[in-house]
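# Report on the structure
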Amino acid sequence: LKLQFLYLIGTTMLRLHVVHQHVQRRWAASARPRGQPPSRDGRNSRTKDWKAALEASPPGKVPTKTLAEMKSGIADESPRSLPALVSTLAKAKWRRAGRREVAGVLDTVASHLVMQRAAATMTERDVRTLLNALAKCSHRDAALLDHFAGEVAPRAGSFEARSLAMTVWSYATMRGTHGELFSAVATEAARQVGQFNPQNLANTAWAYATVRHDAPALFDSVATEAARQVGQFKPQELANTAWADATVRHDA
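What counts, and where the lines are drawn
Residues numbered from 1 in each chain as written. Predicted model: local features only at pLDDT ≥ 70, side-chain atom pairs only at ≥ 80, totals over all residues. Heavy atoms only, no water. Helix = DSSP H or I, 4+ residues; strand = E, 2+ residues; numbered from the N terminus. Phe/Tyr/Trp six-rings, centres within 6.5 Å; stacked < 30°, edge-to-face > 60°. Buried < 20%, exposed > 50% of the residue type's maximum accessible area, 1.4 Å probe, protein only. Core = buried A, V, L, I, M, F, W, Y, C linked by side-chain atoms within 4.5 Å. Contact = heavy atoms within 4.5 Å. Polar contact = N/O pair within 3.5 Å; in protein donor to acceptor, adjacent residues only side chain to side chain. Salt bridge = Lys/Arg side-chain N within 4 Å of Asp/Glu carboxyl O. Expected span 1.5 Å × (residues − 1). Arc of directions from axis to C-beta.

To continue, consider the environment of aspartate 146. For aspartate 146, the location among the structural elements is in helix α7 (residues 142-152). Distance from aspartate 146 to histidine 178, taken between C-alpha atoms, is 7.6 Å for residues 32 residues apart in sequence.

This is the structure:
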């Protein structure tokens, strides 16, 4: 009987301890201020909720409530949580129907990133994801382009081939003619050209021709590598590369 009593006391205390921990966790979550610290991967829980809501919205149905919440709450989010969120917007099948609401959110995102000087803390992947998504949304923010160009140009030497190509393609798509950035990427792209696949080569050539940035050494390297990989090019990639070459009047 004594052992049964002790067992009952022990299990009751254990249950109370579990309940106490659960209550503490719930209280901490509800008491956390809006400007909560980001999780280990730099993404706040609210950003994840917004992303899930955007992905769940069916084609043709603009999630106006979620977009309104995003516009009013972006300033409280970690800058590193935003590239994935913008990428989700770029992929949304309802984006064109809600272009005005999306543009409002992207304006807020751009302002927040510039104010936070966010490019300095973003990883290479963050940078290329954000710029690529903004380009696909056809959203040009001059202040953001200036900020990222100034931060990314000195880091170009540490970027991999894919990131170099995506960065200049995004800038050219958004009509960002930032000479310092294009010069820095041209030097590194020529050095890494053997790591470029046909899409990278075509996008890079197209970008430099589009902004009319003179980079003869880069085009020499691209022409040589394109000839080596010509059998792997898709028709559109070949067309873009040929157009770029003709535009800069480079004799491949």
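A word on the packing of aromatic side chains. Enumeration according to the criterion identifies one aromatic pair in this entry. Look at phenylalanine 182 and tyrosine 208: their rings are 5.1 Å apart centre to centre, the planes differ by 85 degrees, and that puts the pair in the edge-to-face class. Pair noted here: phenylalanine 182 is in helix α9 (residues 179-192) and tyrosine 208 is in helix α10 (residues 198-211), with a separation of 26 residues, a long-range link. Side by side, phenylalanine 182 and tyrosine 208 carry an identical accessibility label, which is buried.

In this structure, Leu89, Phe148 and Tyr208 are the most contacted members of the largest nonpolar core, which totals 66 residues. With residues up to four places along the chain from it excluded, the contact list for leucine 89 reads Leu54, Leu67, Met70, Trp94, Arg95, Val102, Val105, Leu106 and Cys137.

Further remarks concern the environment of threonine 88. Relative to the assigned elements, threonine 88 resides in helix α4 (residues 82-91). Sequence separation between threonine 88 and alanine 52 is 36 residues; the distance between their C-alpha atoms is 9.1 Å. If near-sequence neighbours (up to four positions away) are discounted, threonine 88 is found in contact with Lys51, Leu54 and Glu55. Within the local environment of threonine 88, its side chain forms a polar contact with the backbone oxygen of alanine 84, the two atoms lying 2.9 Å apart.

In the structure shown here, the tally under the stated rule is seven salt bridges. A salt bridge links aspartate 76 to arginine 46; the nearest nitrogen and oxygen atoms lie 3.9 Å apart. With a gap of 30 residues between them, aspartate 76 in the loop between α3 (64-73) and α4 and arginine 46 in helix α2 (residues 45-56) connect regions that are remote in the sequence. Take aspartate 76: its relative accessible area is 24%, and that puts it in the partly exposed class. Here lysine 51 makes a salt bridge to glutamate 55, at a shortest N to O gap of 2.9 Å. Placement of both lysine 51 and glutamate 55 in helix α2 is noted, with a separation of four residues, approximately one turn of the helix. One salt-bridge network, in which partners are shared between bridges, spans Arg46, Asp76 and Glu77.

In this section: helix α11 (residues 216-228). In a regular helix each residue adds 1.5 Å, so 13 residues correspond to 18 Å; α11 covers 19 Å between its end C-alpha atoms and thus fits that length. Within α11 the residues assigned to the buried category are Leu218, Phe219, Ser221, Val222, Glu225 and Ala226. Around the axis of α11, the buried residues are gathered within 160 degrees of arc, so they sit on the same side. With respect to the buried face of α11, the exposed residues turned more than 90 degrees away are Ala217, Thr224, Ala227 and Arg228.

A separate point is helix α8 (residues 161-173). The end-to-end C-alpha distance of α8, which contains 13 residues, comes to 18 Å, matching closely the 18 Å that a straight helix rising 1.5 Å per residue would cover. Of all 13 residues in α8, 11 are buried; the element is thus mostly enclosed. What α8 keeps buried is the set Ala161, Ser163, Leu164, Ala165, Met166, Thr167, Val168, Trp169, Ser170, Tyr171 and Ala172. In this structure, the buried residues of α8 make contact with α6 (124-136), α7, α9 and α10. Arginine 175 lies just past α8 and shows a positive phi near 60 degrees.

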